[in-house]
Each structure stands twice: as C-alpha cells, then as structure tokens.
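# Observations on the model geometry
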Amino acid sequence: MTESNRLRIAIQKSGRLSTESQQLLKSCGVKFSINEQRLIAHADNMPIDLLRVRDDDIPGLVMDGVVDMGIIGENVLEEEQIERQTLNKPADCLKLRQLDFGSCRLSLAVPTEFSYADASSLEGLRIATSYPNLLRRFMQQKGITYRDCMLKGSVEVAPRAGLADGICDLVSTGATLEANGLYETEVIYRSMACIIQSTQTQSPTKQALIDKILSRVNGVIRARE
Ligand code: PRT
Ligand code: ZN
C-alpha cells in the first residue's frame, strides 16, 4: 500500500538543511518528534508524515509522486531536473516558494597560481564537480569544452591531488576554497532552500493541507524578515 491519506513531506535527515526544515514545519504548527533511528516521523496534530532522507533523494521522490512535498536546495533540485530531462524521466514539480535558509552558490574555482581571465581559460581542462549537469549547462552556454571529473565528495582537494585543473563546487563563506589554495572565479548558480510540491497530488483534502502549510510558511517567513 504505497498510497496514503496522510500528506508526506520529505526533508533532509541530517545535514545543513535538516534543523531549519524541522524548525520551519514546527513554526507552522506541525507537532512531531524525531526518532533518529526512524525514517518516518508522524505528526501528532495533523495528517502529515515526515520522511527523513538524503537530500539528493528528495527531488526524485517528489517528481515520482512518492511524496507530496519536499524541502530541498535549489541546486540539488535543478541538477536532478536536468538529469531527469536528459534521461526522459518525470522531471516536473511545483516550486511553491523559496525559503529563507540554505543560501549558497555553485562556483568555479581554480588554484591560486592559475591565471584566470574568464571561463574560456578552462577550455580543454578537467573540472571536478558533484554537479555535472549544472556545470555542463553553463559551459555549453559559454561554448566551452572541458573534461569532467565526477566526485561526490572531497571536490575541493581534486586540484591539489592532481585529479583536476579546477573545480565547480558549492561555496558559502569561501573558507573551504581558501583552505585548499583555491579562489572563486565565477558564480554559475545561486541557491536557497525551497519548498516543492508533486504535480501528482490529486486529493482535494491533501491540496487543502498543502495550501494551509504554504500560507503558514509565508507568514513565518514574513515575520522573520
Ligand atoms: O547526507 P546528505 O546527502 O543529505 O547531505 P549532503 O552532504 O549532500 O548535503 P549538505 O548537508 O552538506 O548540504 C545540503 C544543502 O545545503 C546543499 O545542497 C545546499 O543547498 C546547502 N548549502 C548551503 C551548502 C552550503 N551552504 C555549503 N557551504 N551545502 C554545502 N556546502 C559545503 C560545500 O560543498 C563546501 O564543501 O560547504 C563547503 C563550503 O563552505 P564554505 O563556507 O567554506 O564556503
Ligand atoms: Zn546530498
């Protein structure tokens, strides 16, 4: 039985978005307590189940209609959307609104000794990234060919390890780049967390609950501004 009368919301289990995602839902009046061992947390006062997963899984779960809503970084959402469009898999979802946390940018960065004029300085070179689709879109728009070095983690050490000439990675303060002898040359995507809805949610009762939550999210964020 995969259908549920309860609204399913996917949030990051543990990571940079998890505390603020939980906090936001609590501020919207959803009462729940998290058991670290459990994938699902049932809300006590509303027909809502929270699904606690890796952030990378959230867009796909929403696009496939497995869950009704999700809280996710726009960077991960956009990357998955391009990936799925390429593979002809369901790639639609509704972005209900941007949130007020999770701010970062996806940037190109190169070693301090690299003399960088513009993105064409990377022509023919190897770039390490966990965001191959966003990188390809940017480089295609600029008409630059480059070589991929796909890494799920430790992207910032790739140039020093001799695996790549530059990187395309998330930056917030810039401290990680600096610590690894790199400097930021170009922002290719600016991101915030956002709240998304599946296009497959049919039930009017669930839609009413989604509308109620969204209106509360709007109120909570307005009050924090
Ligand atoms: O385990 P799971 O897959 O769920 O988590 P994850 O490790 O993939 O993601 P996580 O928790 O690190 O990040 C979740 C989301 O937070 C990202 O997809 C972004 O939308 C957002 N976010 C905001 C960031 C950052 N800021 C950020 N600074 N995600 C990652 N970073 C990393 C970056 O990759 C680099 O290693 O922090 C480092 C750079 O930070 P500064 O401050 O040194 O520039
Ligand atoms: Zn992740």
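In this report, we go over the structure that sits alongside the text. Everything numeric here is computed off the predicted structure, so don't read it as measured data. (Residues numbered from 1 in each chain as written. Chains lettered and ligands numbered in written order. Predicted model: local features only at pLDDT ≥ 70, side-chain atom pairs only at ≥ 80, totals over all residues. Heavy atoms only, no water.)

## Side note on the sheet that holds strand E1 (residues 7–12)
- Across the sheet, six strands lie side by side as E2-E3-E1-E4-E11-E5; this open sheet has mixed pairing. The sheet terminates laterally at strand E2 (40–42) and strand E5 (94–98), the two strands that pair on one side only. For this sheet the average axis-to-axis angle between neighbouring strands, irrespective of direction, equals 25°.
- As judged from the two bridges shared by E1 and strand E4 (residues 69–73), these two strands associate in the parallel manner. (Pairing = 2+ DSSP bridges. Helix = DSSP H or I, 4+ residues; strand = E, 2+ residues; numbered from the N terminus. Axes fitted to C-alpha atoms, helices over the stretch in contact; angles between N-to-C directions.)

## Here we look at the site of ligand 1
- Around ligand 1, the surrounding shell holds 22 residues, and the nearest of these are Arg 54, Asn 75, Thr 173, Gly 174 and Thr 176.
- Thr 173 has a polar side-chain atom sitting 2.6 Å from an oxygen atom of ligand 1.
- Interatomic distance of 3.5 Å between a backbone N/O atom of Ala 175 and an oxygen atom of ligand 1.
- According to the grid-proximity analysis, the pocket containing ligand 1 is the largest pocket.
- At the level of elements, helix H3 (74–86), strand E9 (166–171) and helix H5 (175–179) are the ones that each hand at least two residues to the shell around ligand 1.
- With three residues, E9 is the largest single contributor of residues to the shell around ligand 1.
- Looking at the shell around ligand 1, its residues break down into seven nonpolar, 10 polar and five charged. (Near = heavy atom within 4 Å. Polar contact = N/O pair within 3.5 Å; in protein donor to acceptor, adjacent residues only side chain to side chain. 1 Å grid on protein atoms, 1.4 Å probe; cavity = no way out; pocket = protein on both sides within 12 Å on 5 of 7 lines; lining within 4 Å. Sits in = over half its atoms within 2 Å of the grid points. Nonpolar A, V, L, I, M, F, W, Y, C, P; charged D, E, K, R; others polar.)

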